[in-house]
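So you can see what is in the structure, the chains are spelled out below.
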Amino acid sequence: MTSEAELSGWGRWPRYRCRVESLGVDRTGLGKAASIARGLGRSYGDSAINQQRTLTSDRLNRFISFDPDTGMLVLEAGVSIGDIIATFLPRGYFLPVTPGTKFVTVGGMIASDVHGKNHHGAGSFGDHLEWFDLLCADGNERRCSAGENSALFKATIGGMGLTGHILRAGFKLMPVETGWIEEETIPARSLEHAIELMEQNLDRTYSVAWIDCVARGDSLGRSLVYLGEHAALADLAAKQRADRYASKARRGKRVPLDFPNWALNAYSVRAFNELYYRTGLRKAGKALVGWDSYFYPLDAITEWNRIYGSRGFVQYQCALPLEQSTKGLFGLLEEITASGLGSFLAVLKRLGPQSQGGPERLLSFPLEGYTLALDFPRSDKSLALMDRLDQITLKYHGRVYLAKDSRMSQQTFEAMYGEQVDAFRRARRETGASDAFQSMQSGRLGI
Amino acid sequence: MTLATGKPVLLLGAGSDIAMAIAHVLAGQGHAIQLAGRDPDRLKADAEDLKIRHQVAVSTHRFDVLEPETFVSFFDGLDEVPHAVISAVGLMGDQDASSGDVDQLKLVIDSNFTGPALALEFAAKKLSGLDADTAIVGISSVAGDRGRKKNYVYGSAKAGFTQYLSGLRQKYHGTRLHVMTVKPGFVKTAMTEGMDLPGPLTTEPAAFAKNVVAALQAKKHVYYDLRWRALMGVIKAVPEPIFARLKF
């Protein structure tokens, strides 16, 4: 059974009319036309969209087994992080790696090889994955792990769903004593200062910086650096102890309508950045924060993507190698401030080495250095700016994150990911995946 | 009403999306769950999922609504007498096939009326023997409110089931057994997959299940979504000469 729907990524641009089916109900049709799997649609661009056949994972939503001694969890690929936390945090387990929203499926986390605020020490999700079952182009399921079908294992982690449909996975949850995070906020007066702080705190579990991308001159790149540790039971005051796993639901707000396109402009963005930085200065120091507001601050505002209006938005996220990071980040920030196109949400994060326990991957995004992520309302001007940012990223041997991309050119993609692209294409050809699994993104980038 | 803490709840036709959604709500409240369906092997994955999420005991059982001769041994064979029995058994069937063929017609009538009615009659007898607050829930359909060209075989079977439940309710009035009728409109399930459903009248199974359980706890006799009650009220009020000409 199929239905029709207009689909977009989280950025709400571009949008396509698509035929949609549920993955896992009927597998007999695998051979009939190329398809792509889609979880909760939180990749920003066009990577989970296929106009002829988009297969949603909404019916692959069951837990299969859990071993409390080892933390080993086996589940179907459509289960979301929100479900995992709701089920296992009250029993003292948390995800080893989590991206900035809990509305993502495990299948999506594998396909994008997501990272979190602990990448510098814990690696990306692929570093914690023991195995997954992949529905391949020939209609057969294959168990993929470091020891079994290892070529598919490497290609699929970060492979944007283009090697097959991920059906099940197994990975270990991490024991935690509480659901609280000890957060420390440190203001950084400039970009160099922010980097210095991040480098000094590599031994901390979580670190991330919000960066003011409007400030210029000496204040260019001024930031608020956030460090975090899982709080032990002994760290909690009586008030938090009464709610050990911070499970009292936050009251969510909802963006009730599309903001008009003019609502986000140079002035409102400038005012917001100024206000945010000043508020951060006042709040500097340590505080206990619940897991939900610490890891998923934006989840509290349902459909926050609507603040960018009907035109949608694009997130630009790139990673730069460590030795080039400072120069590269200066280059990017100067270009952005000069353009007058600021961003509400600019995030700077120190990444660790690409492989930290898991296999060497082909299209996975992280590389040791720094990653910068910014949101821009979609416009001709911002798209042109991002083309210029691509050139700066390339110049410093960096790359753009495919899970965020909706606008890069094939040429840029190939230059950024180099020979890995050929290796990935080969892996796809050898398994028949090139014809069976396609997205709007894979078409645009010639993957 | 409140079912005693932890006591089992039996779902007949447990493979349906509505049954499974209700099972999750009740398991979330700590009840043990008994899943019964034609093919218990197909219920195993859902049983594991329920166990892992809610840390309650979950068992699977073979139950075929078209085999009424097995009903007594089925209920006797359960490890523990459930405190609530919920029937989500049903079959939409194909209107054209079932209106012109006696076997097809019987299949739809037996799946939606004869079988579930008899099963709940046995269940009621069993439950009323417990010294506890117990409940029978029958999931019928708004399709039983008025016969329409599109699905009147299914609709008349559901109409029969609705009336049966009404009688059963009277029979056990004044005892500790509560009988509730559920009349779903459109719920996004496997049964309605591929249908072009009107958004404002369509519910997700999880939200629907929550409402059903809340209605049961509030001791409602009939759970009937307000929008549907209003819509069907209008449809029922249309005089027959006009109704006969309508195309929907």
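Calculation criteria
- Residues numbered from 1 in each chain as written.
- Chains lettered and ligands numbered in written order.
- Predicted model: local features only at pLDDT ≥ 70, side-chain atom pairs only at ≥ 80, totals over all residues.
- Heavy atoms only, no water.
- Helix = DSSP H or I, 4+ residues; strand = E, 2+ residues; numbered from the N terminus.
- Rg over C-alpha atoms; globule rule 2.2 N^0.38 Å.
- Buried < 20%, exposed > 50% of the residue type's maximum accessible area, 1.4 Å probe, protein only.
- Contact = heavy atoms within 4.5 Å.
- Areas by Shrake-Rupley, 256 points an atom, 1.4 Å probe, with all protein chains shown as cover.
- Lys, Arg positive; Asp, Glu negative; His and termini not counted.
- Charge placed at Lys NZ, Arg CZ, Asp CG, Glu CD.
- Expected span 1.5 Å × (residues − 1).
- Bend = angle between axes of the 7 residues up to and from the residue.
- Buried area = accessible area lost by both parts, 1.4 Å probe.
- Salt bridge = Lys/Arg side-chain N within 4 Å of Asp/Glu carboxyl O.
- Polar contact = N/O pair within 3.5 Å; in protein donor to acceptor, adjacent residues only side chain to side chain.
- Nonpolar A, V, L, I, M, F, W, Y, C, P; charged D, E, K, R; others polar.
- pLDDT = per-residue confidence, 0-100.
- 1 Å grid on protein atoms, 1.4 Å probe; cavity = no way out; pocket = protein on both sides within 12 Å on 5 of 7 lines; lining within 4 Å.
- Points joined across faces, edges and corners; volume = space filled by probe spheres on them.
- Pairing = 2+ DSSP bridges.

### Some points on the overall build of chain B
Point 1. A tally of helices and strands in chain B yields nine helices and nine strands.
Point 2. Taken over C-alpha atoms, the radius of gyration comes to 18 Å for chain B, in line with the 18 Å a tight globule of 248 residues would show.
Point 3. Within chain B, the proportion of its 248 residues that are buried is 49%.
Point 4. Restricting the contact set of chain B to residue pairs at least 6 apart, pairs at least 24 apart contribute 72%.
Point 5. Of the roughly 11,800 Å² of accessible surface on chain B, a fraction of 55% belongs to carbon and sulfur atoms.
Point 6. One finds the centroid of the 28 positive side-chain charges in chain B at a distance of 8 Å from the centroid of its 26 negative side-chain charges.

### Thoughts on helix α9 (residues 322-339) of chain A
Residues and elements named next belong to chain A.
Point 1. Between the first and last C-alpha of α9 there are 26 Å, a value that for 18 residues agrees with the 26 Å anticipated at 1.5 Å per step.
Point 2. Along α9, the sharpest change in direction is near 30 degrees and occurs at G328.
Point 3. Within the span of α9, buried status applies to Q324, S325, G328, L329, G331, L332, L333, I336, T337 and S339.
Point 4. Where the residues of α9 are buried, they touch α5 (191-200), β13 (206-211), β18 (313-321), β19 (346-351), β20 (369-377) and α10 (380-395).

### A short note on the interface of chain A and chain B
Point 1. Counting residues at the interface gives 14 residues for chain A, matched by 13 residues for chain B.
Point 2. With both sides pooled, the region where chain A packs onto chain B buries about 1,100 Å², and carbon together with sulfur makes up 44% of that total.
Point 3. Put simply, R53 of chain B and D83 of chain A hold a salt bridge, and the shortest N to O gap is 2.9 Å.
Point 4. Our count for the chain A to chain B interface comes out at eight residue pairs in polar contact (both at pLDDT 80 or more).
Point 5. Mapped onto the side of chain A that touches chain B, the elements with two or more residues apiece are β5 (63-67) and α1 (81-88) of chain A.
Point 6. With four residues, β5 of chain A is the largest single contributor of residues to the side of chain A that touches chain B.
Point 7. By residue class, the composition of the side of chain A that touches chain B is five nonpolar, five polar and four charged.

### Here we look at the confidence of the model for chain B
Point 1. On average, chain B scores 94 in pLDDT, and the residues at 70 or more come to 100%.
Point 2. Listed scores for the predicted complex are pTM 0.94 and ipTM 0.92.

### Some details on empty space enclosed by the protein
Residues and elements named next belong to chain B.
Point 1. Under the definition given, this model contains five cavities of 30 Å³ or more.
Point 2. Of the volumes computed, that of the second largest cavity is approximately 40 Å³.
Point 3. Forming the boundary of the second largest cavity are K183, P184, G185, F186, V187, L201, T203, F208, Y223, D225 and W228.
Point 4. Residue classes in the lining of the second largest cavity are distributed as seven nonpolar, two polar and two charged.

### Comments concerning the side chain of R222 of chain A
Residue and element names in this part refer to chain A.
Point 1. You can see R222 is positioned in the loop between β13 and β14 (223-230).
Point 2. According to the relative accessible area criterion, R222 is buried, its value standing at 10%.
Point 3. Ignoring anything within four residues of it in the chain, the contact list for R222 reads A188, R189, S190, L191, W210, I211, D212, A215, E274 and Y277.

### So, the pairing of strand β8 (residues 129-135) of chain A
Residue and element names in this part refer to chain A.
Point 1. Counting buried residues along β8, six of its seven residues qualify, which places the element largely inside the surrounding structure.
Point 2. Taken together, the six bridges between β8 and strand β10 (residues 165-172) define a ladder with antiparallel strand orientation. Counterpart to L129 in the pairing with β10 is F171.
Point 3. With five bridges joining them, β8 and strand β9 (residues 141-145) adopt antiparallel strand pairing. Bridged to F132 within β9 is C144.
Point 4. Once β8 ends, the chain turns through five residues before running back antiparallel as β9, passing G139 with a positive phi of about 90 degrees.

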